[in-house]
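Summary of the model geometry
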Amino acid sequence: RRHTRLQGDWSSDVCSSDLAVVHRDVADALCAAVAARARALRPGLPDAPGVVLSPVLKHGEYLATIDEAVAAGGRLLCGGSRLDLEGRPCASGIFCAPAVVRVDDLDVAARLSAFREETFFPLMPIAVADDFASMLRFVERNRFGLRNSLWARDPAVIEAFANLRSGGLLKINTSHVGFEPLLATHGGTGRTTGPGGELNYPALRTSHLQGVAIARPGVRDAFRELVARARGRVPAVLALARQRVLA
């Protein structure tokens, strides 16, 4: 099935990257980049080249969530309307324009449905923080036990994030939606699919233990190089892999 894709998959039937918390020093650049990518997404037939938007069932919740955020002082950077198959605004359209909402107050953001609830429509709410300590406190307010990801280079920042007391699986400098060997796909101290949620995931898939995956910056590029050089030369690839790990 086709899903909305923007640093992950999110549409009416996929749970993925539901919000972002960004330091004020980089907020303007990041918000502009995310909004530009969102504006470029278009609906269409499932087999049409480049189509990644799927129809959305929760049109009312999509509009109400955006209206609530804007009424509280948030800025709608793009999206906020229903679309027809051709990507034109349409009151009865079955698609939703990918929306990006910026909120510059963490206390306000913590009260908004866009940040408190797991949404199933193309909306990326971005909360802006003045310092890393307040970002951590904001993340720890979340009652769900899904996953949180961090992109950072400072070892102190990485260590602080890895010691979060709540939330779900912690991903550091690695794919937010990708799975990790030997780690549960979901987990952590927060809610995970409701009471008895673990019963829905047999074997090692979900747990209330907190899993942490940390990748050094540049690891993804190294593995892309491995894939590019594979082409049947297994010994050479293994040697390069060992070299990268030891480095």
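Please refer to the structure higher up on the page.
These notes cover the structure that comes with them. Everything quoted here is computed from the prediction, not taken from an experiment.

Rules of the game
- Residues numbered from 1 in each chain as written.
- Predicted model: local features only at pLDDT ≥ 70, side-chain atom pairs only at ≥ 80, totals over all residues.
- Heavy atoms only, no water.
- Helix = DSSP H or I, 4+ residues; strand = E, 2+ residues; numbered from the N terminus.
- Buried < 20%, exposed > 50% of the residue type's maximum accessible area, 1.4 Å probe, protein only.
- Contact = heavy atoms within 4.5 Å.
- Areas by Shrake-Rupley, 256 points an atom, 1.4 Å probe, with all protein chains shown as cover.
- Phe/Tyr/Trp six-rings, centres within 6.5 Å; stacked < 30°, edge-to-face > 60°.
- Polar contact = N/O pair within 3.5 Å; in protein donor to acceptor, adjacent residues only side chain to side chain.
- Core = buried A, V, L, I, M, F, W, Y, C linked by side-chain atoms within 4.5 Å.
- Arc of directions from axis to C-beta.

1. A short note on the overall build of the protein chain
Of regular secondary structure, the protein chain possesses eight helices and 11 strands. For the protein chain, with 247 residues in total, the buried portion stands at 41%. Taking contacts inside the protein chain between residues at least 6 apart in sequence as the whole, the part at least 24 apart equals 59%. For the protein chain, the exposed area adds up to about 13800 Å²; of that, 57% sits on carbon and sulfur atoms.

2. What about the packing of aromatic side chains?
Across all of its chains, the model carries two aromatic pairs by this definition. Their ring planes at 80 degrees and their centres at 5.8 Å tell us that Y62 and F121 sit as a pair that is edge-to-face. Here the residue Y62 occupies a position in helix α2 (residues 59-71), and F121 occupies one in the loop between α4 (113-116) and β6 (123-129), the gap between them amounting to 59 residues. Just as Y62 is buried, F121 falls in that class too. Arranged with centres 6.0 Å apart and planes meeting at 80 degrees, the rings of F115 and F138 form a pair that is edge-to-face. One end of the pair, F115, is in helix α4; the other, F138, is in helix α5 (residues 132-140), and 23 residues separate them in sequence.

3. Remarks on the side chain of D84
Structurally, D84 is set in the loop between β3 (82-83) and β4 (95-96). Engagement of the side chain of D84 in a polar contact is seen with the backbone nitrogen of E86, the distance being 2.9 Å.

4. Here's the deal with the nonpolar core
In this structure, Y62, V103, F115, L123 and F138 are the most contacted members of the largest nonpolar core, which totals 26 residues. By size, the runner-up hydrophobic cluster in this structure holds 11 residues, among which are A35, C78, V100 and M124.

5. A look at helix α6 (residues 155-162)
Taken together, the buried positions of α6 are occupied by V157, I158 and F161. For α6, the arc enclosing every buried residue in end-on projection is 100 degrees, short of the 170-degree limit, so these residues lie on one face. Those residues of α6 that are exposed and aimed more than 90 degrees away from the buried face are P155, A156 and E159. In this structure, the buried residues of α6 make contact with α5, β7 (147-150), β8 (169-172) and β11 (212-214). For α6, the capping residue at the N-terminal end is D154, with a side-chain oxygen 2.9 Å from the backbone nitrogen of A156.

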